[in-house]
Every structure is written in structure tokens, then in C-alpha cells.
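# Architecture at a glance
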Amino acid sequence: MRHGTPDHQPRAAVGTRCETEGMLQPYREILSRPGALAFSVAGMVARLQMSMIGIGIVLMISALYGSYGLAGRVSAVYVVAQALCSPQLARLVDRHGQARVMRPAVAVASVGLVTLVVAARADSNPWLLYVAAAVTGAAVGSFGSLVRARWSGVLGGDPRPMHTAYALESTIDEFVFIVGPVLATVLATGVDPAAGLVVPLVALVVGGYWFLALRATEPAPTSTAGGERVRGSVLANPGMVVLALVFVAMGAIFGATDVSTVAFAEESGNTGIAGVILAVFAFGSLIAGLLYGTRHWVRPLHQRFAIGVVVLAVGVSFFVVATNLVVLAAVMFVTGFAIAPTLINGNALVQQLVPPARLTEGLTWVGTSLGVGVSFGSSIAGARIDADGSHGGFLVVIVSAGLALVATLAAYRTLRPRPDAKAADERVARAVEDESPSATAGAAVAACEVAESVDPRSAVQQRSATDGQVGSAVEHPAPPRPTGVAEDG
């Protein structure tokens, strides 16, 4: 580590950016890796179905059977089956490989989805709908987890480009959730009630098999990689349990927000604008994800995740006080900036909490937890809206945010990385130091990180000794901004 600089050399504040290249340069760098662009694009196509099947089921069955209750139950069967079976599929993927497991799984899911559409068009017994939905959900898997696992292999687990890669994939997720529901609704209401499920079916088959055909970037299965088989579930790690619970609560925030926004727009006499407001919410997150991925942070990952949960909880608490659609859209846009960075950090925490051989399973648990939360949040908020109007639904949003906050803060220590994963954070700190505009800035940041890992009190002393400006900045840290600085203490 370098210590000190010549007196004539200007000192740099802790907020100095780690990198000075253009915003898109980090994304160009990771996508230039062999095969990276192809599997990321194929994964995006394969993931389009994740934002369309649930709402497509509701739209199709409610139109053909005239029952929102039946539509909700069939959709719930699909969500529950996916939540229960996706982690088990992911465990098989880690053990035997993506293509070997997911090729037959995609075929089964496609047959289930075709059966669901045909049965609904034929006005079949509802029990056939339940079975078809269960088969589809059980076999559809989580392509987002498969893509992120490939990034880990292509980038060698290097935390700096991995941060950018996870930001890219979270941004793609937001894009999918902006486009998917709108496309499903337009097709189901303007073309045919079943048309909203045809596009996700095609996306699953085309994107899924295209992705699985790209074998050069497929991670080696643990059964052939020579590694020791890890038994049990990744949920044996307390940190993973906390992450799963927090992601369920975050999903409930999103699900309850969707339903409550529709109800609020209806109460305001402009139901059609609800989709635009929700798109604004997702667009804020999309922008934040892109910007967040261009900067790298020295502050430990579990701290950034906790800060993101706090900011998100504070932001959604203002939904209930919105007086009109314009105010609600503005609050949602600003609050959306906390979503993608928090999801990025949550997925990155999985990499630090679980063994490399179980990465796909760990990523799938947080992904399915989010989906389960969306289902719970929308159903509970719907019941409260029936009783108390849209503000009752927004109260569900606030309660869900409170649960996420309490779970994060109460079990904060469990989110610390495995001992062998701490070396990754140290590599980031060294990389930041090497790329700092001055030696003082790099040394100060690195010294603060090392001191904090030993004794928080010594960290303050080290900062003061190194640079008074640095010490002041760290004693009063500001929460990370999605557009913000690249490093903080």
C-alpha cells in the first residue's frame, strides 16, 4: 500500500471517481468477452416470458371463463410451482450442467403452456388448467440465474466486471418488466385472449434453446469439474435465508404497488394511465441500474445492500400521501432509483454467501423469492383495496417495506461474506487504489477499509491521520446514489 504524497501533489477526496471513461465503456468491456453478447441477448429473449405468463394467465382465463377468482387461483398455482421447483432445477443445473437439465425442462414447460392455452380455449374443466399451470411453473426455471452464472464463469468471478455484469442483467430485467406486461395486455385485449401467452411461449422456446445451444460459455457442472459435492440446501446459510426473506418482502412491495397504482388511477378517473405510471417506476430503476453499473464502490457489499433497502423503504412510504397521478408518478420515478442497485447488490451478495458450485441455486432462490413476494403482495393488496380503496393497498406496500427493513437490520451480521469471499473485496480495494487520480486518495480509501475490518474506532483515527477531508467524509457517510460517486469510505 502506498502512504502519503509529496506536498505539492493535490489531495483527492474520498468521492473521487474510480474510473473516468464514458458511461458505456464498462459494458462494452464485458460484452466484448468471447460469447458474452450472444448469451446475454439470448437470455434476454428467454426471460421475456417471466413478466408475461402470470398476467397472460389472468387475462386469458378472466376473459374466457368470466372469473377473476379462477384466473387468480390458476396464476397462483403457476407461481407456487415455480417457486418450489426452480431452486431444485437450479441444483440439478449446478450438478449436471445447464443444457443437460434445461433442454428437457424447456420442452416440458412449453407443453404445459400449450396445454393451458388449448384447455382454456376449449372451456375445459378448471382442474386441467391447474395441472397445466403447475407443470409449466415447475419446469420453466430461472433463465436470469443461468445468465448470471455464465457471467461468473466468463469473468472469472472478478468482482469489478461482475458488478457491471449484474447491473446489466438487472437493467435487462427492468426492460423486460416494462415491455412484457404491456405487450401481454395489448395482445390479450386487442388480438385474442390467448395471444398474451403465445409470445412468451415463442420467447421461451426460441430464446431458451438459443441460449442453451451456446455451449462455449456454459459453466462446467460440478459432477465433472472435479470439485467436492456440496450437500444440503444453500438456505443452510443464515445469510441466504435473510436474503430470501428480504426479496420476498421486496417482491410484495412491487406486487402491491402494481395493484394499488391501478386502483388509484381508477379512483382518479383515468385507469388507462396506470400502465404509464408503472412504466415510469420501472424506468427510474432502469436508469439507476445502468448508471450504478458504470461505477465501482469500496464500501462493503452488505452495507450497500442494507442502505438500498433503507432508501427503498423510505421512498415507498411516500406513495400513500400522493394526492394525484402526477405526484405519484414523480415519487415513483425517484423511488425507482433505489430498486436496481438494491437488486444488483442482493444478487452479488449471493456470490459471496454460497460456494461457487451452488451459485445457480443461490441466485434462483432470490429470484423465486421475489416472484413469490409479487404474488403475495398483489393478492393481499387486492383484498385491502376492496375494503379501503387504493390507500389500503399502499399501506400493504409500506408494511412490506417495513418487513424488508426489519429483516435486513435485525440480521445484518449474517449478510457478511464467507471468509474466502473477502479476498474479492480486497481485490476491488486494490484496483480502486491503483486507478485513483492520486496516490493519497487510493491509500486513504484502502486504509479505511482495512481499519474498519479490524476496529471501527481505529478506522476514524486512520482517516484523520491520512487526510482531514477524508476523515470528515467518512464520519458522515452519505448513502450511495445510483448516479453517484464510484467509491466511498
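Description of the structure in this document.

Definitions and cut-offs
- Residues numbered from 1 in each chain as written.
- Predicted model: local features only at pLDDT ≥ 70, side-chain atom pairs only at ≥ 80, totals over all residues.
- Heavy atoms only, no water.
- 1 Å grid on protein atoms, 1.4 Å probe; cavity = no way out; pocket = protein on both sides within 12 Å on 5 of 7 lines; lining within 4 Å.
- Points joined across faces, edges and corners; volume = space filled by probe spheres on them.
- Helix = DSSP H or I, 4+ residues; strand = E, 2+ residues; numbered from the N terminus.
- Salt bridge = Lys/Arg side-chain N within 4 Å of Asp/Glu carboxyl O.
- Buried < 20%, exposed > 50% of the residue type's maximum accessible area, 1.4 Å probe, protein only.
- Phe/Tyr/Trp six-rings, centres within 6.5 Å; stacked < 30°, edge-to-face > 60°.
- Lys NZ or Arg CZ within 6 Å of the ring centre and 35° of its normal.

## Focus on empty space enclosed by the protein
Rolled over the atoms, a probe sized like a water molecule indicates the empty space that remains. In the structure shown here, the tally under the stated rule is two cavities of 30 Å³ or more. Of the pockets and cavities examined, the second largest cavity occupies roughly 40 Å³. Taken together, Ser86, Leu89, Ala90, Val93, Met102, Gly141, Ser142, Leu146, Thr360 and Thr364 make up the lining of the second largest cavity. For the lining of the second largest cavity, the secondary structure elements donating two or more residues are helix H4 (68-96) and helix H15 (359-388).

## Overview of the pattern of salt bridges
Under the criterion given, the structure shown has seven salt bridges. Taking the shortest distance from any N to any O, the salt bridge between glutamate 169 and arginine 47 comes out at 2.4 Å. Taken together, the residues glutamate 169 in helix H8 (residues 159-190) and arginine 47 in helix H2 (residues 36-47) connect sequence positions 122 residues apart. The shortest N-O distance in the salt bridge between arginine 215 and glutamate 218 comes to 2.6 Å. On the basis of relative accessible area, arginine 215 is assigned to the partly exposed category, the value being 47%. In this structure glutamate 218 comes out as buried when scored by relative accessible area, which is 14%. The structure contains a network of salt bridges with shared partners spanning Arg47, Arg148, Glu169 and Asp173.

## Structural notes on the packing of aromatic side chains
Scanning the model with the defined rule gives eight aromatic pairs in all. Measuring from centroid to centroid gives 5.8 Å for phenylalanine 281 and phenylalanine 319, while their planes differ by 80 degrees, and the two rings are edge-to-face. Here the residue phenylalanine 281 occupies a position in helix H11 (residues 274-292), and phenylalanine 319 occupies one in the loop between helix H12 (301-316) and helix H13 (325-336), the gap between them amounting to 38 residues. Note on phenylalanine 319: relative accessible area 1%, which makes it buried. Taking 5.3 Å as the distance between ring centres and 75 degrees as the angle between the ring planes, the aromatic pair formed by phenylalanine 333 and phenylalanine 337 counts as edge-to-face. With a relative accessible area of 18%, phenylalanine 337 lands in the buried category. Chaining the aromatic ring pairs together yields one cluster made of Phe264, Phe281, Phe319 and Phe394. Geometry around phenylalanine 211 places arginine 150 over its ring, the cationic atom sitting 4.1 Å from the centre.

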